[in-house]
Amino acid sequence: MRGAFDPEVFEQAWGDVVERHEALRTRFPDELGVAYQHVEAIEDSRTPLSVERVSVDELSQVLQAAVLYPFDLGSELPVRVSVFELGGGEFVVLVLMHHIVSDGWSLA
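Residues numbered from 1 in each chain as written. Predicted model: local features only at pLDDT ≥ 70, side-chain atom pairs only at ≥ 80, totals over all residues. Heavy atoms only, no water.

Peer 1: Mind showing me how you'd approach the nonpolar core here?
Peer 2: With eight residues, the main nonpolar core is built from V54, L59, V62, A66, F84, L86, L94 and L96. Among the elements that line this core, the one with the most residues is helix α2 (residues 56-68), at three residues. Sequence-distant contacts of L96, that is, excluding residues within four places in its chain, are made with A66, V67, F71, P78, V79 and R80. Among the nonpolar cores identified, the runner-up in size contains five residues, and F5, L49, V81 and F91 belong to it. (Core = buried A, V, L, I, M, F, W, Y, C linked by side-chain atoms within 4.5 Å. Buried < 20%, exposed > 50% of the residue type's maximum accessible area, 1.4 Å probe, protein only. Helix = DSSP H or I, 4+ residues; strand = E, 2+ residues; numbered from the N terminus. Contact = heavy atoms within 4.5 Å.)

Peer 1: What is the right way to look at the sheet that holds strand β7 (residues 90-97) in this model?
Peer 2: The strands that make up a sheet are held in pairs by hydrogen bonds between backbone atoms, and each pair lies either parallel or antiparallel. With respect to topology, three strands assemble into an open sheet ordered β5-β6-β7, the strand pairing being mixed. Among the strands making up the open sheet, the edge pair consists of β5 (51-53) and β7. Taking each pair of neighbouring strands and ignoring which way they run, the sheet shows an average axis angle of 25°. Where strand β6 (residues 79-87) and β7 come together, eight bridges link them in antiparallel fashion. (Pairing = 2+ DSSP bridges. Axes fitted to C-alpha atoms, helices over the stretch in contact; angles between N-to-C directions.)

Right under this line is the structure:
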């Protein structure tokens, strides 16, 4: 993205998306060896947005590290959003979703 970026507005907008889609608020804890769905309450599913400043040269490495970080579906929500500020009014937004809450048809 290029231009003005307001993290609070973005965080609110992303929170609205998560609020509308239960799948994005669903954890999959394990009880006696059996996983089950647990939909978090809306107020418990909001996570503060952090903006990390990185250089253009670092961006590829930072994105790769973010993509490789595994989800813990028992204790974490199956979606992550990261914002990277490159400077000069340029930002990269990374949205990672575990395949348990997305499908190929929807992504296309």
